[in-house]
Amino acid sequence: MIAPAAAPALASPSASRRRGDQLQRLGICSGLAAGAWLGAAEAPTKLAVAQLSPILVSFCMVLGVFLGRWSAPALVQGTGYVRADVRRAPHLVMWAVLGGCLWAVANTLTVFAIRDVGLSIAFPLWNTNSVVGILWGVLFFNELRASDWRRRTAVVGGALLMCVAATIVAMASATQAPAGHAARGVIAALAAGLLWGTMYIPYRKAYITGMSPLSFLTFFTIGELATMGALAMSDAGSVPALWRALAGAHGALLWLLLGGFVWVVGDIFQQYAAKYVGISRGIPLSNTNQLWGLLWGVLVFGELRGAGVATIVRVVGGSVLMVLGAGVIALAAADAGEQEQWRIAAAREGARYGVDADYTRARALGMEPTATGGARTWVDWSVVAAATAVFLTLAAVASRPRVPVDPVWATLLTAAMLVLLAACGRWLWRATRFA
Amino acid sequence: MGLTAPDATVRRRLAAVIRDPQFWVPVAALAAGLLVLRWVR
């Protein structure tokens, strides 16, 4: 394994190519870990038994996401690292906030799509975000260019296969019937897919420039929280009304914020996938979250208990197809020609915004352009302590979940997630120091 | 009052964002998303 030393150590083309291949494997591993953690994010929210409005549920999850996205960078790299990153490329703060706004609007649209057409139709429609992402990746960031036709076919075919699989699985596991506003729901779901696919433009922009994913997410979450807060306030009617709704739901808040925190872990891996394998491969790999969500629903919460044989066949068949699609994409890592195209796109980006070329080149290889201290300060520990205090306070007032849970499967799935977290997190740390 | 060097840098980078055609794609998507959201609520 090549340690994240100084960038000049990789001056030779062959060392640089080996490093590029290593980062491809790391990105694919990150995408698969992202699927596991993003899929599990809904599990804690299922434990919230209160009858809350879907927008309030989203808002509470975003509060948990906000706490996670500020405390994780403070803990892993320190806020000094984030500040140094922003000084190198300050324009990316605007892109990050814009990305956060896109996420919040898309997430709210999915709530209305599910209401109008049901999960079975809505889920595959917004999963088209992978196709949108491939389009932007090819058009703006030279992805899939100069690679052989087999790799291009594998990525596009794998993404389409996963869309078909998502349709089959979602139809089989549907729990909600359409409510009679089909066109409205379909448009809402397609719009969510468009926004979630377009949200990867800011991601990729930041990562080919050189910003660390943890730094980018610190500002992304400001756009996310501001937009979601505005939408929740508009839904509640006023700030006092929103506060009353939150106070009334105090017993469920821990589970909702915990869901947001689990989401953050998955999202961090998703960012590293977008950084190291690009958005055309990163999005479909992260979309395996549907498979993990299904495992939690079926095995832990007993959602398909008593389902007919046809339903089971559809679920198993769709899941196998999804694994195949993800496998095909995972085996089609970018070759040397395509990686050279990424470097051209990165150089263009650096020239456009006047970013130091050494910084961009070093970070693309998961390295630091100069030595960094990495020491934590009292600010970092204060951020982590504040986030911990919020969770402990909510835990003190949390209601015991009344939803029946299979403890054996819950333990096994949690263990699988923790193994992925430890393995992929360790690899990211050793190879890149989360650069 | 004249611009200081950091001010000029910030202005230059802001201008680069506005001139970047890629910037307007997510902005347009966000505007479209907000319009759809207003319609479906």
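The structure we're discussing is the one just above.
Residues numbered from 1 in each chain as written. Chains lettered and ligands numbered in written order. Predicted model: local features only at pLDDT ≥ 70, side-chain atom pairs only at ≥ 80, totals over all residues. Heavy atoms only, no water.

Further remarks concern the overall build of chain A. Across its full length, chain A carries 20 helices and 0 strands. Taken over C-alpha atoms, the radius of gyration comes to 21 Å for chain A, in line with the 22 Å a tight globule of 435 residues would show. Seen through its C-alpha atoms, chain A measures out along the principal axes to roughly 60 × 50 × 40 Å. Buried positions account for 56% of the 435 residues belonging to chain A. Roughly 17100 Å² of accessible area belongs to chain A as shown, and the carbon and sulfur atoms make up 70% of that amount. (Helix = DSSP H or I, 4+ residues; strand = E, 2+ residues; numbered from the N terminus. Rg over C-alpha atoms; globule rule 2.2 N^0.38 Å. Buried < 20%, exposed > 50% of the residue type's maximum accessible area, 1.4 Å probe, protein only. Areas by Shrake-Rupley, 256 points an atom, 1.4 Å probe, with all protein chains shown as cover.)

The next thing to look at is the side chain of T311 of chain A. The topology assignment puts T311 of chain A in helix α16 (residues 309-330). Dropping the residues within four chain positions of it, T311 of chain A is found in contact with A172 and L304 of chain A. (Contact = heavy atoms within 4.5 Å.)

Residue and element names in this part refer to chain A. Note that Q271 resides in helix α13 (residues 250-277). Judged by its relative accessible area of 0%, Q271 falls in the buried class. Those residues in contact with Q271 that sit more than four places away from it in its chain are Y203, Y207, P213 and L217.

A few words on the state of the cysteines. Using the criterion set out here, one finds 0 disulfides over all chains in the structure. Cysteine C424 of chain A remains unbridged, with the sulfur of C29 of chain A as its closest cysteine sulfur at 3.5 Å. (Disulfide = S-S within 2.5 Å.)

What follows deals with unusual backbone geometry. Residues and elements named next belong to chain A. Its identity as a non-glycine residue notwithstanding, L144 has a phi of 65°, on the positive side. Checked against the element boundaries, L144 lands in the loop between α7 (129-141) and α8 (149-172). Judged by relative accessible area, which is 5%, L144 ranks as buried. The residue F434 is not glycine, and still its phi comes out positive at about 60°. Tracing the sequence through the fold places F434 in the segment after α20 (407-432).

All names here are of chain A. For helix α19 (residues 378-397), spanning 20 residues, the distance from its first C-alpha to its last is 29 Å, which sits close to the expected 28 Å at 1.5 Å a residue. Taken as a whole, α19 has its buried residues at D380, V384, A387, F391 and L394. Viewed end-on, α19 has its buried residues packed into an arc of 95°, placing them on one side of the element. Away from its buried face, by an angle of more than 90 degrees, α19 presents the exposed residues W378, L392, T393 and A396. Contacts from the buried residues of α19 go to α3 (54-76), α4 (79-88) and α13. (Expected span 1.5 Å × (residues − 1). Arc of directions from axis to C-beta.)

The next subject is the interface of chain B and chain A. One frequently used descriptor of interface size is the decrease in accessible area upon assembly of the parts. With 20 residues of chain B in contact, the opposing surface of chain A contributes 35 residues. For the pair chain B and chain A, the number of links is 3 salt bridges. Among the ionic pairs, D20 of chain B bridges to K205 of chain A, the shortest N-O distance being 2.6 Å. Viewed at the interface, chain A and chain B are joined by 7 residue pairs in polar contact (both at pLDDT 80 or more). (Salt bridge = Lys/Arg side-chain N within 4 Å of Asp/Glu carboxyl O. Polar contact = N/O pair within 3.5 Å; in protein donor to acceptor, adjacent residues only side chain to side chain.)

For the rest of this paragraph, the subject is helix α17 (residues 336-353) of chain A. Residue and element names in this part refer to chain A. Its 18 residues give α17 an end-to-end C-alpha distance of 26 Å, which sits within 8% of 26 Å, the value for a rise of 1.5 Å per residue. Those residues of α17 lying buried are E338, Q339, Q341, W342, A345, A346, E349, G350 and Y353. Phi for G354, located one or two positions after α17, is positive at around 65°.

One way to put it is that helix α5 (residues 91-117) of chain A packs onto helix α2 (residues 21-40) of chain B with a least axis distance of 10 Å and a crossing angle of 30°. What the angle tells us is that α5 of chain A and α2 of chain B run roughly parallel. When you trace α5 of chain A past α2 of chain B, the crossing you get is left-handed. Touching M94, W95, L98, C101, L102, V105, T108, L109, F112 and R115 of chain A of α5 of chain A are Q22, F23, P26, V27, A29, L30, G33, L34, V36, L37 and V40 of chain B, all from α2 of chain B. (Axes fitted to C-alpha atoms, helices over the stretch in contact; angles between N-to-C directions. Parallel < 35°, antiparallel > 145°, perpendicular 65-115°, else oblique. Left-handed = near helix turned anticlockwise from the far one by under 90°.)

Let us look at the environment of A154 of chain A. As for its position among the elements, A154 of chain A is in helix α8. Taking C-alpha positions, A154 of chain A is 26 Å from A172 of chain A, a pair spaced 18 residues apart along the chain.

Quick look at the pattern of salt bridges now. All names here are of chain A. A complete count under the given rule lists 18 salt bridges over all chains for this structure. E368 is paired through a salt bridge with R363; the nearest N and O atoms lie 3.1 Å apart. One network of salt bridges, with partners in common, ties together D148, R150, R151 and D335.

Now for the packing of aromatic side chains. Residues and elements named next belong to chain A. If you walk through the whole model with that rule in mind, you get 16 aromatic pairs over all chains. Ring centres 6.4 Å apart and planes at 20° place the aromatic pair Y272 and Y276 in the stacked group. Taken as a pair, Y272 and Y276 lie in helix α13 at a separation of 4 residues, close to a single helical turn. Relative to F434, the ring of W429 lies with its centre 5.9 Å away and its plane at 40°, an arrangement referred to as tilted. Aromatic rings pair up to connect Y200, Y203, Y207, F216 and F220 into one cluster. The ring of W342 carries R204 above its face, with NZ or CZ at 4.7 Å from the centroid. Directly above the ring of W429 sits R433, whose terminal nitrogen or CZ lies 4.7 Å from the centroid. (Phe/Tyr/Trp six-rings, centres within 6.5 Å; stacked < 30°, edge-to-face > 60°. Lys NZ or Arg CZ within 6 Å of the ring centre and 35° of its normal.)

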